[in-house]
Amino acid sequence: MAEAQPAYKTWIAEFIGTFALVFIGAGAVAADGASGGKVGVVGIAFAHGLTLMAMIYALGHISGTHINPAVTISMLVTGRISLGVGAGYIVAQLLGAVLAGLVLALIFPLQIGGAPFLGATDLAPQLDFSKGVLIEAILTFFLVFTIFGVAVDERSPKHLAGVAIG
């Protein structure tokens, strides 16, 4: 963040960023299911990555654009934000995600309860739960590692942070 913002502005930014990521990312998965696979895995990946990149550039100067509780928890653990602000971020992120899911339920009513259940992620049939948790932990580590490397570290050039993170 370039300058300190009032807490409510950072929470609104986190809400909007998370809403956008879930609405567009999970929406791409739901659209793929509704279209019989026309979006495809590459389209879904681009929807997530480009949305994340856009939100970083649009909102990063306000909140740092965590839009993921794992990122916020990492910032709390390393003392980058206070407990009160971090709790507000997480509440805003959860509310943004829930509202995006509700809007997707209005748009894709036939997807509710069926594949791909409004874009919710699921394990591949050949993966058991413990392997899924391990994969998620490793990928979350790489996400947070990248964020700290390109957005948090004062020595890094900030103009490409959105591209690297997205």
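Residues numbered from 1 in each chain as written. Predicted model: local features only at pLDDT ≥ 70, side-chain atom pairs only at ≥ 80, totals over all residues. Heavy atoms only, no water.

A. Looking closely at the overall build of the protein. For the protein, the count of helices and strands is six helices and zero strands. Over its C-alpha atoms the protein spans a radius of gyration of 16 Å, differing by no more than 12% from the 15 Å that the globule rule assigns to 166 residues. Reported as C-alpha extents along the three principal axes, the dimensions of the protein are approximately 45 × 30 × 30 Å. Across the 166 residues of the protein, 33% fall into the buried class. The contacts of the protein with a sequence gap of at least 6 include a subset with a gap of at least 24, amounting to 65%. Counting only carbon and sulfur atoms, one obtains 74% of the accessible surface of the protein, whose full area is about 9700 Å². A gap of 5 Å separates the mean positions of the 6 positive and 8 negative side-chain charges of the protein. (Helix = DSSP H or I, 4+ residues; strand = E, 2+ residues; numbered from the N terminus. Rg over C-alpha atoms; globule rule 2.2 N^0.38 Å. Buried < 20%, exposed > 50% of the residue type's maximum accessible area, 1.4 Å probe, protein only. Contact = heavy atoms within 4.5 Å. Areas by Shrake-Rupley, 256 points an atom, 1.4 Å probe, with all protein chains shown as cover. Lys, Arg positive; Asp, Glu negative; His and termini not counted. Charge placed at Lys NZ, Arg CZ, Asp CG, Glu CD.)

B. Layout of unusual backbone geometry. A positive phi angle, close to 50°, is found at Thr65, a residue other than glycine. On the secondary structure map, Thr65 appears in the loop between helix H2 (40-63) and helix H3 (69-77). With a relative accessible area of 6%, Thr65 lands in the buried category. Phi at Ile67 takes a positive value of approximately 35°, unusual for a residue other than glycine. Its location among the elements puts Ile67 in the loop between H2 and H3.

C. Structural detail: the nonpolar core. Counting 17 residues, the largest nonpolar core has Leu52, Met75, Ile147 and Ile165 as the members making the most contacts within it. Looking at this core, the elements with two or more residues in it are helix H1 (7-34), H2, H3, helix H5 (129-152) and helix H6 (161-165). The element that contributes the greatest number of residues to this core is H2, accounting for five residues. Beyond its immediate sequence surroundings of up to four residues, Leu52 is in contact with Leu21, Ile67, Ile165 and Gly166. (Core = buried A, V, L, I, M, F, W, Y, C linked by side-chain atoms within 4.5 Å.)

D. Local environment of H2. Counted at 1.5 Å a residue, the expected span for H2 with its 24 residues is 34 Å, and the 32 Å between its end C-alpha atoms agrees. Tyr57 marks where H2 bends most, by close to 45°. Restricting attention to buried positions, one finds in H2 the residues Ile44, Ala47, Gly49, Thr51, Leu52, Met55, Ile56, Leu59, Gly60, Ile62 and Ser63. In this fold, the buried residues of H2 make contact with H1, helix H4 (83-107) and H6. Note on H2: the residue one or two positions beyond its end, Gly64, has a positive phi of about 90°. (Expected span 1.5 Å × (residues − 1). Bend = angle between axes of the 7 residues up to and from the residue.)

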